[in-house]
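Coordinate inspection notes
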Amino acid sequence: MCVVSYSLDGDNEHILPSFRKKNKKLHSSLYCIRIHVGRWRALRADPWRAMTDSEVSVLLHCAAWSGLLESQVQAELSERFNRQTDPSVDHQIEEVWTARVSKEPWLFNGSKFRLHSFRLASSRPASPKQPAGPQRPLPGEGELKHCRNGEEENLCVNDSPRDAIQSGVDERNPPVKSKNWDEREAAPLLTLRLGLTCYKDYLGTNWSRRAAELRQRGEVEFGDPLALLAQPLGVGGVLCTDDGQVVLIRRSQRVAEAGGLLDIPGGHPEPKAVCERLGRRVREEQIGVHMMQRRPVVSELFSSVCGEIRDEVNVPLSSLGAPVLMGVALNHTSAGRPSAEFYVR
């Protein structure tokens, strides 16, 4: 596999040799990078400017906390957060899947977590460097909607990126690891509301030619443009080296989406892995949210990005630091599919 790196401070492209533990430490600064079908943009200076790419937007930006650790994230699991079923949509999904598998028999229908919405803690994080005066809203403090149990939620729709992201990281003063990095308050700041979906549903909805029609139907019939979409939650890892390089990979040609293009290492957290961790051996089609527990789900979310880096870049897990959640990005080439983006050093 060809591994490509880009300098954080320039536009130089390099081909890196295989990573070796003895000479590859990872960079300690927090930068927000999003790779999208072969293009990447640095968000460290001005996240608003990155929004000029109409194919990707930032739903949640965690710069206000210098990223979130695993202990600061929790999951709420419910069948209420699954995709809304409809006979005609289900028939369309089966048709799309049958056609794709006939051409690409290696495709596999695995279960995935579906991101329905998220909720942030109401308390504003300490930020002594914030200027006085009116502030941009923190993530989750913009337009909120009520879910069925009466709690406030931020649905995963981002038609106006400026309402969803916090002010960018100051380019002249990028956050660095301080002595308080591992002493940050462990209280959960972010709750991810998760249901279940599958890869087949993703290809038949988000990746379908009728995705725009499904969004319109969802808005009309359920008051949610994403109600009929699979919305599987992916993960991506911005892997930084000690010499200021961001590692990219080239995607295989034998994938359903963006084959042959540059990307950051990534994939999906796997519900089946959570079940196996809990001692339950089940087939993919048997998996339900009632089999899950909240903390193992969050652990799978964070550990899966390191597993993808290990498998795709050949970096041993022992060489990787704890992943830090930078935010959630939306890929609009696939109808707003969400991806949790991590910084790993």
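Residues numbered from 1 in each chain as written. Predicted model: local features only at pLDDT ≥ 70, side-chain atom pairs only at ≥ 80, totals over all residues. Heavy atoms only, no water.

1. What about the overall build of the protein chain?
Summing up its helical and strand segments, the protein chain has six helices and 16 strands in all. The contacts in the protein chain between residues at least 6 apart in sequence include a share of 74% that link residues at least 24 apart. Accessible area for the protein chain stands at about 16,500 Å²; split by element, carbon and sulfur atoms hold 47% of it. (Helix = DSSP H or I, 4+ residues; strand = E, 2+ residues; numbered from the N terminus. Contact = heavy atoms within 4.5 Å. Areas by Shrake-Rupley, 256 points an atom, 1.4 Å probe, with all protein chains shown as cover.)

2. What to know about the pairing of strand S5 (residues 56–61)
Extensive coverage of S5 is indicated by the burial of six of its six residues. With five bridges joining them, S5 and strand S15 (residues 324–331) adopt antiparallel strand pairing. Its bridge partner lying in S15, Val 58 is registered against Ala 329. (Buried < 20%, exposed > 50% of the residue type's maximum accessible area, 1.4 Å probe, protein only. Pairing = 2+ DSSP bridges.)

3. Here we look at helix H6 (residues 294–313)
Helix length check: H6, at 20 residues, gives a terminal C-alpha distance of 29 Å against a target of 28 Å (1.5 Å per residue), a fit within 8%. Bending of H6 peaks at approximately 30° at the position of Ser 303. Summarising burial for H6: 14 of the 20 residues are buried, a large majority. The first or second residue beyond H6 is Asn 314, which carries a positive phi of 65°. (Expected span 1.5 Å × (residues − 1). Bend = angle between axes of the 7 residues up to and from the residue.)

4. Regarding the environment of His 290
Here His 290 lies in the loop between helix H5 (271–277) and H6. With relative accessibility at 60%, the residue His 290 sits in the exposed group. Taking the C-alpha atoms as reference, His 290 lies 7.9 Å from Ser 78; in sequence the two are 212 residues apart.

5. Considerations on the sheet that holds S15
Spatially, the five strands line up as an open sheet ordered S5-S15-S16-S11-S14, and their pairing is mixed. Each of the sheet's edge strands pairs with one partner strand only, and the pair in question is S5 and strand S14 (266–267). Direction of pairing for strand S11 (residues 234–239) relative to strand S16 (residues 337–344): parallel, over a ladder of six bridges. Note on S16: the bridge partner recorded for Gly 234 is Ser 339. With respect to the sheet, H6 is in contact with S11, S14, S15 and S16, its orientation differing from that of S11 by roughly 60°. (Axes fitted to C-alpha atoms, helices over the stretch in contact; angles between N-to-C directions.)

6. Observations regarding the packing of aromatic side chains
Evaluation of the coordinates by the stated rule reveals three aromatic pairs. When the centroid spacing of 6.5 Å and the interplanar angle of 90° are considered together, the rings of Trp 97 and Tyr 199 count as edge-to-face. Of this pair, Trp 97 sits in helix H2 (residues 87–103) while Tyr 199 sits in helix H3 (residues 199–204); the two residues are 102 residues apart in sequence, bridging distant segments of the chain. According to the relative accessible area criterion, Trp 97 is buried, its value standing at 13%. (Phe/Tyr/Trp six-rings, centres within 6.5 Å; stacked < 30°, edge-to-face > 60°.)

7. Topic: the pattern of salt bridges
Working definition: two side chains of opposite charge can pair if their charged atoms are close together. Scanning all chains against the criterion turns up 14 salt bridges. As a salt-bridge pair, Glu 213 and Arg 210 come within 2.8 Å of each other at their nearest N and O atoms. The exposure class of Glu 213 is partly exposed, given its relative accessible area of 35%. On the basis of relative accessibility, which here comes to 34%, the residue Arg 210 falls in the partly exposed class. A salt bridge links Arg 251 to Asp 263; its shortest N-O distance comes to 3.7 Å. With a gap of 12 residues between them, Arg 251 in the loop between strand S12 (245–250) and strand S13 (262–263) and Asp 263 in strand S13 connect regions that are remote in the sequence. What makes Asp 263 buried here is its relative accessible area of 17%. Linked through salt bridges whose partners overlap, the residues forming this network are Glu 76, Arg 80 and Arg 193. (Salt bridge = Lys/Arg side-chain N within 4 Å of Asp/Glu carboxyl O.)

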